Amino acid sequence: MKTTFRFILAAIGSLLMSAVVSAGQINNTKHDLSGTNSNDGGNVCIYCHVPHNANHVKVPPWNRAMPTGPFTMYTSPTIDMATANSPQGSTLACLSCHDGTIAVDQLYGDPWGSDGTNTVGGSMLIGTDLSDDHPVSIRYDATADGDFVAASGSPATVGGLPLSANNNVECSSCHSVHDDSISPFLRKSNADNSLCLSCHIK
Ligand code: HEC
Ligand code: HEC
Ligand code: HEC
Ligand code: HEC
C-alpha cells in the first residue's frame, strides 16, 4: 500500500520534472510568476502546480482554489451550440487568476501562512462577466451550424486545436499556458485570421 502510494508520488514528480523540458518555455514568459511572492524560492510551477496535497480537480496536480463565480456566460441570438451554465475544467483554472477574485499568490492550503494579495489587472483581468469574451465551455458541434469545420479524432481537435475531453471549446483550445513562442500564449498564429479559421469557415 505504502509502496503504491510512493510510486504514485514518484510518478507525479517525474511527470512534472520531465515536463520541465517541454514546458521549459514558460521561464521568462508572463506566466513565469516567480518573484510575485517573496516566499516562492524562485519556483515557477508553484503558482499553478504542486506535486503533493494538490487540489483534487481535473487539472494536473493543481495548487489553487477554483473560483466560484457567479459567472455570466456568453450568449447571443445567433448562437447554435450548447454553453455550460458556468466555466468548466481548464477554463476555470485560468480564471483562478484571470477573473481577479483569487490573488495570483494565493495558493491552495495557504502554504505560506498568509495569502498573497497580488491580483491581475488591466487587460489581464477577464473578470466574471464572460459575455463580452469569445464563448468558452461551449460544446463544439459543427452539425449545429454549417459555418464550422468538423472536429475529428479522440481526444478531438479542430484545425489542430484541442477541444476538452467533453468536446468543449475552452481557453486552452486557443492558448497554450506554458508556451509563449506565439504571443500571447497562442497555439497558432492569428495572421490572416488563421486561428479563427481553424474552426470558423467564415
Ligand atoms: C500559470 C499557470 C501554470 C504554470 C505556472 C504552470 N502550469 Fe502546467 N498547466 C497549467 C494548466 C492550466 C494545465 C492544464 C492543461 C492546459 O490547460 O493546457 C497544465 C498542465 C500541465 C501538465 C500536463 C500536461 C499538459 O501540458 O497538459 C504538466 C506536466 C505541467 N502542466 C507541468 C508544468 C511545469 C513543470 C511547470 C513549471 C515549469 C508548469 N506546468 C507551470 C498551468 C500552469
Ligand atoms: C497563477 C495565475 C495565473 C493562471 C492560473 C493563469 N494565468 Fe495567464 N497570466 C497571469 C498573469 C499574472 C499574467 C500577466 C503577467 C504580466 O503582466 O507580467 C498573465 C498573462 C496571460 C496572457 C497574456 C500574455 C501576454 O503576452 O500579454 C494570456 C494570454 C494568459 N495569461 C492566458 C492564460 C490562460 C489561457 C490560462 C489558463 C490555461 C492562464 N492564463 C492561467 C496569471 C495566470
Ligand atoms: C477562440 C480563441 C480564444 C479563446 C477561446 C480565448 N482566447 Fe484569449 N486571446 C485570443 C487571442 C487571438 C488573443 C490576442 C488578441 C489580440 O492580440 O488582440 C487573446 C488574448 C488574451 C489575453 C491578453 C489580453 C491583452 O489585452 O493583452 C488574455 C489575458 C487572454 N486572452 C486570456 C484568455 C482566457 C483566460 C480565456 C478563457 C476564459 C481565453 N483567453 C480564451 C484567443 C482566445
Ligand atoms: C476552437 C474553435 C474556435 C476558434 C479557434 C474560434 N472560434 Fe469563434 N466560436 C466557436 C464556437 C464553437 C462558437 C459558438 C458558435 C455557435 O454556437 O453558433 C463561436 C462563436 C463565435 C462568435 C459569436 C457568434 C454568435 O453567433 O454570437 C464570434 C464573434 C466568434 N466566434 C469569433 C471568433 C474569432 C474572431 C476567432 C479568432 C480570434 C474565433 N472565433 C476563433 C469556435 C471557435
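The rules behind the values
Each chain carries its own residue numbering, running from 1 in the direction its sequence is written. Just so you know, chain letters begin at A and ligand numbers begin at 1, following the order they were written in. Given that the model is predicted, a residue must reach a pLDDT of at least 70 before its local features are reported, and side-chain atom pairs must reach 80 or more before they are shown or counted; all residues, however, enter totals for whole chains, interfaces and linings. Only heavy atoms go into the side-chain values, all of them from the structure, while hydrogens and water stay out. The cutoff for a nearby residue is simple: one of its non-hydrogen atoms must lie within 4 Å of the molecule or strand. Throughout this description, a polar contact denotes any pair of N or O atoms lying within 3.5 Å of each other; where both atoms belong to protein, one of them has to be capable of donating a hydrogen while the other can accept it, and for residues adjacent in sequence the pair is counted only when both atoms sit in side chains. In this count, Pro and Cys sit with the nonpolar residues alongside Ala, Val, Leu, Ile, Met, Phe, Trp and Tyr, while Asp, Glu, Lys and Arg are called charged and the others, Gly among them, polar. Note that water is not among the atoms considered, so a metal site may appear incomplete; the donors listed are N, O and S atoms within 2.8 Å of the metal, with 3.2 Å applied to Na, K and Ca. Partly exposed residues are those whose accessible area sits between 20% and 50% of the maximum for their type, while under 20% is buried and over 50% is exposed, using a 1.4 Å probe and protein chains only. A pair is scored as a salt bridge if a Lys or Arg side-chain nitrogen falls within 4 Å of a carboxyl oxygen belonging to Asp or Glu. Labels follow the DSSP assignment, with helices taken as runs of H or I lasting at least four residues and strands as runs of E lasting at least two, numbered in each case from the N terminus. Residues grouped as a nonpolar core are buried Ala, Val, Leu, Ile, Met, Phe, Trp, Tyr and Cys residues, joined through side-chain atoms within 4.5 Å. The contact definition used throughout considers only heavy atoms, calling two residues in contact when any of these lie within 4.5 Å. A residue's pLDDT is simply how confident the predictor is in it, with values from 0 to 100. His is not counted, nor are the chain ends; Lys and Arg add positive charge and Asp and Glu add negative charge.

Student: Hey, could you go over the site of ligand 1 for me, with residue numbers and the actual values?
Tutor: Around ligand 1 sit 16 residues, and of these C45, C48, H49, S172 and H178 come closest. Contacts to ligand 1 include S172, whose side-chain N or O atom sits 2.6 Å from an oxygen atom. Separating a nitrogen atom of ligand 1 from a side-chain N or O atom of H178 is a distance of 2.8 Å. In terms of residue class, the shell around ligand 1 is built from 10 nonpolar, 5 polar and 1 charged.

Student: Can you explain the coordination of the iron atom of ligand 1? Please cite residues and give values.
Tutor: Taken together, the protein ligands of the iron atom of ligand 1 are H49 (NE2) and H178 (NE2), with distances of 2.0 Å. The partly exposed category is assigned to H178, whose relative accessible area is 35%.

Student: I'd like a description of the pattern of salt bridges, backed by residues and values.
Tutor: Per the counting criterion, the structure on display carries 1 salt bridge. Of the charged contacts in the structure, one is a salt bridge between K202 and D147, with a shortest N-O distance of 2.9 Å. Of this pair, K202 sits in the segment after α3 (171-174) while D147 sits in the loop between β1 (138-139) and β2 (157-158), and the two are 55 residues apart along the sequence.

Student: Lay out the site of ligand 3 with the relevant residues and their values.
Tutor: What surrounds ligand 3 is a group of 14 residues, the closest being S123, H134, C171, C174 and H175. H175 is positioned such that a nitrogen or oxygen atom in its side chain is 2.8 Å from a nitrogen atom of ligand 3. Contributions of two or more residues to the shell around ligand 3 are made by α2 (89-98) and α3.

Student: Describe the nonpolar core, listing the residues and the values that go with them.
Tutor: One finds Y140, F148, V158, L163, V169 and C199 to be the most contacted residues of the largest nonpolar core, which totals 13 residues. In this view, L163 contacts Y140, A151, A156, T157, V158, N168, V169 and S173; residues no more than four positions away in its chain are not counted. W62, F71, L95 and L130 belong to the second largest nonpolar core, which has 10 residues in total.

Student: Break down the environment of V44 for me, with residues and values.
Tutor: Tracing the backbone shows V44 in the loop between α1 (2-22) and α2. Between the C-alpha atom of V44 and that of N28, which follows or precedes it by 16 residues, the distance is 9.4 Å. Those residues in contact with V44, other than ones at most four positions away along the chain, are I26, N27, H31, D32 and S34.

Student: Tell me what's going on with the environment of H31, and back it up with residues and numbers.
Tutor: Relative to the assigned elements, H31 resides in the loop between α1 and α2. For the pair H31 and V177, spaced 146 residues apart in sequence, the C-alpha to C-alpha distance is 7.5 Å. A polar contact of 2.9 Å, which involves the side chain of H31, links it to the backbone oxygen of V177.

Student: Account for the confidence of the model for the chain, with residues named and values stated.
Tutor: On average, residues of the chain score 90 in pLDDT, and 88% of them are at 70 or above. Confidence over residues 1-15 falls short of pLDDT 50; this stretch has 4 contacts with residues more than four positions distant or in other chains. Across residues 17-24 the pLDDT falls below 50, and counting only partners more than four positions away or on other chains, this stretch makes 2 contacts in the model.

Student: Let's hear about α2: which residues, and what values?
Tutor: Restricting attention to buried positions, one finds in α2 the residues T91, L92, A93, L95, S96 and C97. Those residues of α2 that are buried lie in contact with α3. Once α2 ends, the next one or two residues include G100, with phi positive near 80°.

Student: Account for the side chain of R64, with residues named and values stated.
Tutor: Structurally, R64 is set in the loop between α1 and α2. At 7.3 Å, D105 is the nearest oppositely charged side chain to R64, a buried residue that forms no salt bridge. There is a polar contact of 2.9 Å between the side chain of R64 and the side chain of S96. Beyond its immediate chain neighbours, meaning those up to four positions away, R64 contacts Y47, C48, N55, S96, C97, I102, A103, V104, Q106, L107 and Y108.

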